Amino acid sequence: MQIEKYKLEEHNHSLQKEHRRRFEFIAAEIKDPEGILQKLIDFQVAIPSWALGTGGTRFARFAGGGEPRSLEEKIEDIGLLHALNKSSGAISLHIPWDIPENAANIKALAAQNGLRFDAMNSNTFQDQPGQQLSYKFGSMQHVDKAVRKQAVEHNIEVIKYGVELGSESLTVWLSDGSCFPGQLNFRKAFQHTLESLQEVYAALPDSWKMFVEYKAFEPNFYSTTVGDWGQSLLYASKLGDKAYTLVDLGHHLPNANIEQIVALLLMEGKLGGFHFNDSKYGDDDLTVGSIKPYQLFLIFNELVEGMDARGMNHNTDLGWMIDASHNIKDPLEDLLQSVEAILITYAQALLVDRQKLTEAQLKNDVVTAQEILQQAFRTDVRALVAEARLRAGGSLNPIGFYRNEKVRENLIKQRGSKTVATGL
């Protein structure tokens, strides 16, 4: 479904008076509003192809209708999101769910929708139809060398698809681990995994990066072979300069200090990217900022400070992507909410007075340090984010426009009410 430009202009015009009042107020209150606006315009968050459909729980999946039935329709849906928010200019594919039949045509369609291809994602956490060997007891950690070889060959195949599409990174997430004590030898499992990753790493093109993702638990509940940021960092350090740790906000044990993890990985030059979501209990994959917005702000505070300390480009030097599961919401509305939450939090982190914060830290002035952070966090920057969208050619109110134009209803008419978008 294409967004008609004149309708978007009419929508923005109807909101312009109130928006202008709110924007002029915040612009007068903060330092360098134009500089912040440009950073917001530049900042892009990749949308994963698997997040365009309804997710599920261990017990059920409740389809919402109108889900994309092909890679082409997934690209069109992300193009629609990008047309509305101008901050979703990349797509991340999952292989084999999204194997392009004609890479040239797929690449051209993405370009028509203003999209580039972000990290490619491999899949050795489930068996595919016709697959020779099973991953039931692991993939890269498996005691059978033939299974490990199959997993390595799959990842190399994913790299080849990525090269055809113009991607420059591979994300490896392994569900490998154990459910019961004594099931596997921890040391041998690590060594097998490292050897497998080394084979994949050797196949990376010169310009590529490998992101090693970690997860504390699920689907294995006793041990995970890449279970935390320390294990991921150990793999990445042993692999080489093109290997990095990827942080998924839901892949931590309760109350983990994710902002400290981010700071240390940045310090070591080994933070590769982010999967944004939110959680209450575990890997809940909820809408970004819906549960712990202050934690998200503290993470962004460390990201901005750490990236600036290393002279990094906020938009291009790390991989930014949403990784969520939409069980009861319209997936496209949820994604619009998540991108909005990310930009709001990024803007708040840009407001932190770094000089005053450093001075407070050097004086051990805990109260002032807290006040500086909370002043930025409590600042309502929604009009600033909306102005950035407006200047980039997007909607002042993406969800409002989406609902007014009955986008989901139209997608259901075009595609039907029983479509399934993911490979789960």
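Residues numbered from 1 in each chain as written. Predicted model: local features only at pLDDT ≥ 70, side-chain atom pairs only at ≥ 80, totals over all residues. Heavy atoms only, no water.

Q: Would you mind going over the overall build of the protein in detail, with residue names and values included?
A: Counting its secondary structure elements, the protein contains 15 helices and eleven strands. Relative to the 2.2 N^0.38 estimate, which gives 22 Å for 424 residues, the radius of gyration of the protein is 22 Å and therefore close to what a compact globule would have. Its C-alpha atoms give the protein principal-axis dimensions of about 65 × 60 × 40 Å. Across the 424 residues of the protein, 54% fall into the buried class. Put simply, of all contacts in the protein between residues at least 6 apart along the chain, 79% involve residues at least 24 apart. About 19600 Å² of surface is accessible on the protein, with carbon and sulfur atoms providing 51% of the total. Computed over 44 positive and 55 negative side-chain charges, the separation of the two mean positions in the protein equals 2 Å. (Helix = DSSP H or I, 4+ residues; strand = E, 2+ residues; numbered from the N terminus. Rg over C-alpha atoms; globule rule 2.2 N^0.38 Å. Buried < 20%, exposed > 50% of the residue type's maximum accessible area, 1.4 Å probe, protein only. Contact = heavy atoms within 4.5 Å. Areas by Shrake-Rupley, 256 points an atom, 1.4 Å probe, with all protein chains shown as cover. Lys, Arg positive; Asp, Glu negative; His and termini not counted. Charge placed at Lys NZ, Arg CZ, Asp CG, Glu CD.)

Q: Account for the sheet that holds strand β10 (residues 271-276), with residues named and values stated.
A: Spatial ordering of the open sheet is given by β4-β5-β7-β9-β10-β11, a layout of six strands whose pairing is parallel. Both edges of this open sheet fall to β4 (120-121) and β11 (319-322), since each of them pairs with a single strand only. Across two bridges, β4 lies against strand β5 (residues 169-172) in parallel orientation. For M120, the partnering residue across the bridge sits in β5 and is L170. Against the sheet, helix α8 (residues 258-267) touches β9 (243-248) and β10, its axis set at about 155 degrees to β10. (Pairing = 2+ DSSP bridges. Axes fitted to C-alpha atoms, helices over the stretch in contact; angles between N-to-C directions.)

Q: How would you summarise the packing of helix α2 (residues 33-42) against helix α10 (residues 331-350) if you had to cite specific residues and measurements?
A: A packed helix pair is summarised by two numbers, namely the angle formed by the two axes and the spacing between the axes. Contact geometry of α2 with α10 gives a least axis separation of 10 Å together with a crossing angle of 145 degrees. Of the two elements, α2 crosses α10, and the hand of that crossing is right-handed. Along the contact surface, α2 presents I36, K39 and L40, while α10 presents L343, Y346, A347 and L350. Looking at the contact of α2 with α10 residue by residue, the classes come out as six nonpolar, no polar and one charged. (Left-handed = near helix turned anticlockwise from the far one by under 90°. Nonpolar A, V, L, I, M, F, W, Y, C, P; charged D, E, K, R; others polar.)

Q: How would you sum up the environment of I95? Please name residues and give values.
A: Its location among the elements puts I95 in the loop between β2 (90-92) and α4 (103-112). Spatially, the C-alpha atoms of I95 and P205 are 18 Å apart, while their sequence positions differ by 110 residues. What I95 contacts, discounting residues up to four positions off in sequence, is P100, M120, N121, S122, N123, H154, V158 and Y161.

Q: For the packing of aromatic side chains, give the residues involved together with the corresponding values.
A: As enumerated under the stated definition, the model contains 17 aromatic pairs in all. Note on F217 and F221: the rings are 5.9 Å apart at their centroids and 35 degrees apart in plane angle, and the pair reads as tilted. Given the relative accessible area of 59%, F221 is considered exposed. The rings of F43, F274, F276, F300, W320 and Y346 are connected pair by pair, giving a single aromatic cluster. Here the guanidinium or amino end of K270 rests over the ring plane of Y244, the centre of that ring lying 5.4 Å away. (Phe/Tyr/Trp six-rings, centres within 6.5 Å; stacked < 30°, edge-to-face > 60°. Lys NZ or Arg CZ within 6 Å of the ring centre and 35° of its normal.)

Q: Can you lay out helix α1 (residues 5-29) for me, pointing to particular residues and giving the numbers?
A: In an α-helix, one turn spans 3.6 residues, which is why side chains three or four residues apart end up on the same side. At Q16, α1 is bent by approximately 55 degrees, the largest bend along its length. Within α1 the residues assigned to the buried category are L8, H11, N12, H19, F23, I26 and A27. The inward-facing, buried residues of α1 contact α2, α3 (71-85), α13 (382-392) and α14 (398-404). (Bend = angle between axes of the 7 residues up to and from the residue.)

Q: Can you lay out the pairing of β11 for me, pointing to particular residues and giving the numbers?
A: Where burial is concerned, the two faces of β11 agree: the one with G319 and M321 and the one with W320 and I322 are both buried. When β10 meets β11, the two strands line up parallel, connected through four bridges. Across the sheet, G273 pairs through a bridge with G319, a residue of β11. Read as a crossover between parallel neighbours, the route from β10 over helix α9 (residues 293-309) to β11 is right-handed. (Right-handed = clockwise from strand over helix to strand, strands pointing away.)

Q: Any chance you could break down α10 for me, citing the residues and the numbers?
A: Look at α10: 29 Å from first C-alpha to last across 20 residues, which is about the 28 Å you get at 1.5 Å a residue. Taken across its 20 residues, α10 has 18 buried, putting it largely inside the fold. The backbone nitrogen of L332 lies 2.9 Å from a side-chain oxygen of the residue at the head of α10, namely D330. (Expected span 1.5 Å × (residues − 1). Polar contact = N/O pair within 3.5 Å; in protein donor to acceptor, adjacent residues only side chain to side chain.)

Q: Can you tell me about unusual backbone geometry, naming the residues and giving the values?
A: A cis amide bond links I95 to the next residue, P96, at an omega of 15 degrees. In this structure, P96 sits in the loop between β2 and α4. The backbone phi angle of D32 is positive, close to 50 degrees, even though this residue is not glycine. Under the relative-accessibility criterion, D32 is labelled exposed at 53%. For K86, which is not glycine, the phi dihedral falls at a positive 55 degrees. Position of K86 relative to the elements: it lies in the loop between α3 and β2.

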